[in-house]
Structure formats: structure tokens, C-alpha cells
Amino acid sequence: MTARALPRRLAVLNAKGGTGKTTLAVQLTAGLGRRVPCALGDLDPQGSASQWCGAGGTVRVLAAEHAWGDAGGAHLVWDCPPSVEHPAAQRALQQADALLVPVLPSPLDLWASWRLVEAIRAEQQRRPELRAWLLINQLEPGSALSAAMHDALREFGLPALQAVVRRRAIYRTAALQGVSVYDLGPRAAAAVADIEAVIEEMQT
Ligand SMILES: Nc1ncnc2c1ncn2[C@@H]1O[C@H](COP(=O)(O)OP(=O)(O)OP(=O)(O)O)[C@@H](O)[C@H]1O
Ligand SMILES: [Mg+2]
């Protein structure tokens, strides 16, 4: 089977705060960046991605005003603000060719995101080629997804990637050091494998 092309404009968004948008956007930029030139567009006025990557780290970060258009030919990962209504999130939704919606492994967290899903489905009516997935983040090592979560995911109206990102201290270490898990050597191998699985599944 031929792999699909990597997304050229990948938006990481959720209306709910703290689900791992910035963490995953940084890691995905680094992972995609091993394959193609890639930059992280910091669309969140909180500026967390710029703080994370701005101090000479290995991930190239673009301020919001430079994060659109051609971007010098680079692929872009957009770290969105935690709101569907925010103009930058709206614009990302309209211009992305793929969307990842990180959710914590709790049905409560999913239910908080239904309005985003409505917005995504409306956009997919307009642009059927737009791909979108939920991505479970912070799955506890050793714990399987609960039956309640599987049911909630099924009802949610967006497919979930099989690949999940586990809760690992190394993601926080990477943020503290201003780098991605790809820069942290063998101790980050499991985290790198999480992110690689996400990237590979987006190409199937
Ligand atoms: N897989 C993970 N393992 C461990 N910690 C994680 C993981 N993903 C995110 N975190 C931590 O959870 C917190 C929230 O993550 P992050 O800031 O990436 O979320 P966010 O969705 O961007 O938040 P906001 O909505 O405020 O922009 C951070 O402290 C981050 O280090
Ligand atoms: Mg964030």
C-alpha cells in the first residue's frame, strides 16, 4: 500500500484547555521535521510553544503572523488556542489538511469537546478531503482504555487514532529543556515511538 503524503498543514486543536495540544504540536513538528522541512506555527496568544521552542531549541517556531501562507515551503503544525471561536482556530480549521484533537482518556473530557466536533464535521461537509482524528493523550502506562471510554469514543463522531500517547514524565522534561523528545536520547525512546506511531498512522 502506498503511504499517503504527510499533511502539509496539520492543526492540533481542542476547545478544551490542557489536553496536550502544545506538547503534541512540538513533538509532531520534530517528528515530521525528520522527514520534511517543518515548522511549528504558534497560534495561541498564550505563546506556550514560543516559550518552549524559542530559546535556541531544535524545533523551528513561527509567531502567529508568520504561520500562514507558504512558510518558505515548510510543512506547518499549528498549535491552536483552546477555543473553537478564536479567529486563529477558525482559520486553522479552514486551512488545514489534517486535524488532530488531543483528548484525555476520560469521557468527561470528550463531552466538553462536542462543539468542536460539530465545527469539524461542518468543515468536512465543505471539504471532504479534510482528515480529522481524536488522539488519546496521557494514557496511564499499564491502564487499558476503559469500556466507558471506548463507548464514548464511538459515539463521538470523529475517528480516534489507534496510536495513543502515554503519560510520560519525559514530555515535561522536554518542555523544561526547550527541546523535543527526539533530542533526549535513549531515555526518550518510548516517547519517540509514541509520536512516530501517530505520524505513521496519519499516512495510512
Ligand atoms: N503525554 C503526556 N505525558 C505527561 N505530561 C503531559 C503529556 N501531555 C501533556 N502533558 C502535560 O500536561 C500539561 C498540559 O499540556 P499542554 O500545555 O501541552 O496542553 P495544551 O492543550 O496545550 O494546554 P492549553 O489549552 O493551555 O494550551 C503540561 O504540563 C504538559 O507538560
Ligand atoms: Mg497549549
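Let us look at the structure shown here. Note that the coordinates shown come from a computational prediction; the quantities given were computed from them, not determined experimentally.

## Thoughts on the layout of surface pockets
In this approach, a probe sized like a water molecule rolls over the atoms, and the result shows the empty space that is left. Approximately 270 Å³ is the volume found for the largest pocket. Lining the largest pocket are 16 residues, with G20, T23, Q138, Y171 and R172 sitting closest to its centre. Contributions of two or more residues to the lining of the largest pocket are made by helix 1 (21–33), strand 6 (131–139), strand 7 (165–166) and helix 7 (169–177). A volume near 170 Å³ is recorded for the second largest pocket. As for the second largest pocket, its lining consists of I136, L145, H150, L153, R154, A160, L161, Q162 and V164. Sort the elements by how many residues they give to the lining of the second largest pocket and helix 6 (residues 147–155) lands first, with 3 residues.

## Observations concerning the pairing of strand 5 (residues 98–103)
The element strand 5 is extensively covered by neighbouring structure, given that 6 of its 6 residues are classed as buried. Burial along strand 5 is two-sided: the residues A98, L100 and P102 and L99, V101 and V103 are all buried. Pairing analysis gives 3 bridges linking strand 1 (residues 9–12) to strand 5, with the strands arranged parallel. Each bridged residue has a counterpart across the sheet, and for A11 the counterpart in strand 5 is L99. In this structure, strand 5 lies alongside strand 6, joined through 6 bridges in parallel fashion. Bridging across to strand 6, A98 finds its partner in R131.

## Examining the pattern of salt bridges
Under the counting rule described, the total for this entry stands at 7 salt bridges. Two residues, E123 and R127, come together in a salt bridge whose shortest N-O distance is 2.8 Å. One network of salt bridges, with partners in common, ties together E123, R126 and R127.

## Focus: the site of ligand 1
Taken together, 18 residues surround ligand 1, and among them K21, T22, T23, N137 and R166 come closest. At 2.5 Å, a side-chain N or O of T23 approaches an oxygen atom of ligand 1. For ligand 1, the accessible surface in isolation is 630 Å², of which the surrounding protein chains cover 81%. Of all the cavities here, the one that holds ligand 1 is the largest pocket. With 3 residues, helix 1 is the largest single contributor of residues to the shell around ligand 1. Of the residues contributing to the shell around ligand 1, the split by class is 3 nonpolar, 9 polar and 6 charged.

## Here's the deal with the packing of aromatic side chains
Throughout the structure, instances matching the rule amount to 1 aromatic pair. Centre to centre, the rings of W68 and W78 are 4.8 Å apart; their planes meet at 45°, and the pair counts as tilted. Placement of W68 in the loop between strand 3 (61–63) and strand 4 (75–79) and of W78 in strand 4 is noted, with a sequence separation of 10 residues between them. Here W68 falls in the buried class, since its relative accessible area comes to 13%.

## Considerations on the nonpolar core
Grouped together as the largest cluster of nonpolar side chains are 38 residues, with contacts concentrated most on L28, L100, V181 and V198. Breaking this core down by element, the ones donating at least two residues are strand 1, helix 1, strand 2 (38–42), helix 2 (48–53), strand 5, strand 6, helix 7 and helix 8 (189–202). With near-sequence residues (within four places) excluded, L100 lies in contact with L10, A11, V12, L13, L28, W133, L135, L161, V198 and M202. Counting residues in each nonpolar core, the second largest holds 34 residues, with W78, A96, L116 and L134 among its members.

## What to know about helix 8
End to end, helix 8 covers 20 Å across 14 residues, agreeing with the expected 20 Å (1.5 Å per residue, within 8%). Taken together, the buried positions of helix 8 are A191, V192, D194, I195, E196, V198, I199, E201 and M202. Packed against the buried residues of helix 8 are strand 1, helix 1, strand 5, strand 6, strand 7 and helix 7.

Rules and cut-offs
- Residues numbered from 1 in each chain as written.
- Chains lettered and ligands numbered in written order.
- Predicted model: local features only at pLDDT ≥ 70, side-chain atom pairs only at ≥ 80, totals over all residues.
- Heavy atoms only, no water.
- 1 Å grid on protein atoms, 1.4 Å probe; cavity = no way out; pocket = protein on both sides within 12 Å on 5 of 7 lines; lining within 4 Å.
- Points joined across faces, edges and corners; volume = space filled by probe spheres on them.
- Helix = DSSP H or I, 4+ residues; strand = E, 2+ residues; numbered from the N terminus.
- Buried < 20%, exposed > 50% of the residue type's maximum accessible area, 1.4 Å probe, protein only.
- Pairing = 2+ DSSP bridges.
- Salt bridge = Lys/Arg side-chain N within 4 Å of Asp/Glu carboxyl O.
- Near = heavy atom within 4 Å.
- Polar contact = N/O pair within 3.5 Å; in protein donor to acceptor, adjacent residues only side chain to side chain.
- Areas by Shrake-Rupley, 256 points an atom, 1.4 Å probe, with all protein chains shown as cover.
- Sits in = over half its atoms within 2 Å of the grid points.
- Nonpolar A, V, L, I, M, F, W, Y, C, P; charged D, E, K, R; others polar.
- Phe/Tyr/Trp six-rings, centres within 6.5 Å; stacked < 30°, edge-to-face > 60°.
- Core = buried A, V, L, I, M, F, W, Y, C linked by side-chain atoms within 4.5 Å.
- Contact = heavy atoms within 4.5 Å.
- Expected span 1.5 Å × (residues − 1).

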